[in-house]
Amino acid sequence: MSSENPNQVKYGCFIVIPLKYDPRSFKQSELEKIAEYKPLVTMDLNENIKIMLDRCNDAAVGSCYSIKYSQLISNLCIPNEMSGSQGFFVSNLQGNYSFDLISAYLYVFHTQVAFLCLGISFEQIKALQAICNPGFADNEASFCWVDSSGKKHIFSVEKWLSDFLTPLGLHNFFDKSPSYLLDAYNYIFAVVPNRFNTLEEMQKITFNLHKMMPIDTPVEDDAEEDIRYVYAAKNQMANSYRWGCCVTSQTISYVIADEAMNLEDERKAQAEDGLPVVLLSLYEKYTCLRFTELITHMEKKQLKQLKDLMLKFQAFGTVTPANLSRWHNVKQIYAHLLQVNDIPSAVQDISAKISILTAHLEEIERTKSETVINIITVFGLVSILASVLSIVQILSGGDTLIWASTILTTVMLVLITAVAVWNRKK
């Protein structure tokens, strides 16, 4: 197996963790204390798409926040106690690997779903493999942070994330999942110094990134059918390509050529341009899963509220690739994300479920209404009979004035009814 040359490749990743919340317990005020609202400024998305994450817009479906680093690690240590060069280590049976926690973003959507995006960097791709343990239902890796004196402090990632998220009213999306990280979507990117002459070069590297293997290791897997590739347009002057990406249902992997090997600039560019595209697709996917969960546990009185939320989601929250961007490759990436996650079918499925439940409840309400009307009709007939008997008793002992009043009133009612019927026919 080939070894990685740190001078030839630099790695970064956004670990996108799906979350959920109850609007009654979500702490917006607490979020504002530890994070800063971040409007979209990317030019890769059309303006009507960017306003979907503009909290000042009535049609917004959510908001993005940049989390302060000091707040993110406050449950672990005091920030100035961290080692400057190697902040964290992850260990498994294959070895020990260092990584750095660089940044974090929190996307909160109105459909009771949210995503925590942890930005990390590492020198060896196996560090990410140890962190995420792809393809397995559990993860036995251990984590530690390193203080300024070089001493290692073991900590639990699950407890750290829970202690950070729970006070905000955010919880792991899957209640019975043993880990936040196992359900995460991985946005992987690698920076290399040289541009690419062929598409095959980018395919090989991005597929390796998807498999979380060194980029120069021979890797093949014909069993994976959800692989899609997208590339930058070829630079005709340089006769080469700058970037390519591999899209799957669980990862998106970019390789970018940058002679300066500036990973920090590339991280900011990916967070600004690429991450929102991925989040829009994941938002649609997990909204459908969230609606399914709410339908399972909801009460009858909540159906109308859920139906209104679903109608708003379908009307304002879903985006077609054609409307996403002016750049074809950006639209391709988004279209592949929708396709490999089968999101259009999920949206149709949840809509059909809500329609069926609505029709069923309407039938129940109609039956109840008819029962009440029948009861009222019976009481009405009894009341009419009682009134007739009362009138007969009054007339049988009444004088000429009572008879005249009764006849006059009857004639007036007949005339008024006849006039009303005549006007209705006209």
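Summary of the structure given here.

What counts as what
- Residues numbered from 1 in each chain as written.
- Predicted model: local features only at pLDDT ≥ 70, side-chain atom pairs only at ≥ 80, totals over all residues.
- Heavy atoms only, no water.
- Core = buried A, V, L, I, M, F, W, Y, C linked by side-chain atoms within 4.5 Å.
- Buried < 20%, exposed > 50% of the residue type's maximum accessible area, 1.4 Å probe, protein only.
- Contact = heavy atoms within 4.5 Å.
- Helix = DSSP H or I, 4+ residues; strand = E, 2+ residues; numbered from the N terminus.
- Pairing = 2+ DSSP bridges.
- 1 Å grid on protein atoms, 1.4 Å probe; cavity = no way out; pocket = protein on both sides within 12 Å on 5 of 7 lines; lining within 4 Å.
- Points joined across faces, edges and corners; volume = space filled by probe spheres on them.
- Nonpolar A, V, L, I, M, F, W, Y, C, P; charged D, E, K, R; others polar.

## Quick notes on the nonpolar core
In step 1: Residues Ile15, Ile17, Leu118, Leu128 and Leu161 are the most contacted members of the largest nonpolar core, which totals 64 residues.
In step 2: In this structure, Leu118 is in contact with Cys13, Phe14, Ile15, Ile17, Leu72, Leu101, Ser103, Ala104, Trp160 and Leu161, ignoring residues within four places of it in sequence.
In step 3: Membership of the second largest hydrophobic core comes to 57 residues, among which are Leu53, Tyr105, Phe115 and Cys245.

## Thoughts on the pairing of strand S5 (residues 95-109)
In step 1: Within S5, 12 of the 15 residues are buried, which leaves it mostly tucked inside the rest of the structure.
In step 2: Pairing between strand S4 (residues 88-92) and S5: five bridges, direction antiparallel. Pairing of Ser91 across the sheet is with Asn96, part of S5.
In step 3: Between S4 and S5, which follow one another and run antiparallel, lie two residues.
In step 4: Connecting S5 to the next strand, strand S6 (residues 113-122), in antiparallel fashion are three residues, including Gln112 with a positive phi near 70°.

## Digging into the environment of Lys204
In step 1: Here Lys204 lies in helix H6 (residues 199-210).
In step 2: Residue classification places Lys204 among the partly exposed positions, given a relative accessible area of 37%.
In step 3: The sequence separation of Lys204 and Thr217 amounts to 13 residues, and the corresponding C-alpha distance is 9.3 Å.
In step 4: When near neighbours in sequence (up to four residues on either side) are disregarded, Lys204 contacts Ile215, Asp216 and Thr217.

## Regarding the environment of Asp163
In step 1: By the element assignment, Asp163 lies in helix H5 (residues 157-165).
In step 2: Asp163 sits in the partly exposed class, given a relative accessible area of 32%.
In step 3: With 88 residues separating them along the chain, Asp163 and Asn75 place their C-alpha atoms 7.1 Å apart.

## Re empty space enclosed by the protein
In step 1: Under the counting rule described, the total for this entry stands at two cavities of 30 Å³ or more.
In step 2: Considering the residues around the largest cavity, the lining is formed by Ile15, Phe88, Phe99, Leu101, Leu118, Ile120, Ile131, Phe143, Phe155, Val157, Trp160 and Leu181.
In step 3: When residues of the lining of the largest cavity are traced back to their parent elements, those giving at least two are S5, S6 and H5.
In step 4: Classifying every residue of the lining of the largest cavity by side-chain character gives 12 nonpolar, no polar and no charged.
In step 5: Surrounding the second largest cavity, Lys38, Pro39, Leu40, Val41, Ala271, Glu272 and Pro276 form its lining.
In step 6: Residue classes in the lining of the second largest cavity are distributed as five nonpolar, no polar and two charged.

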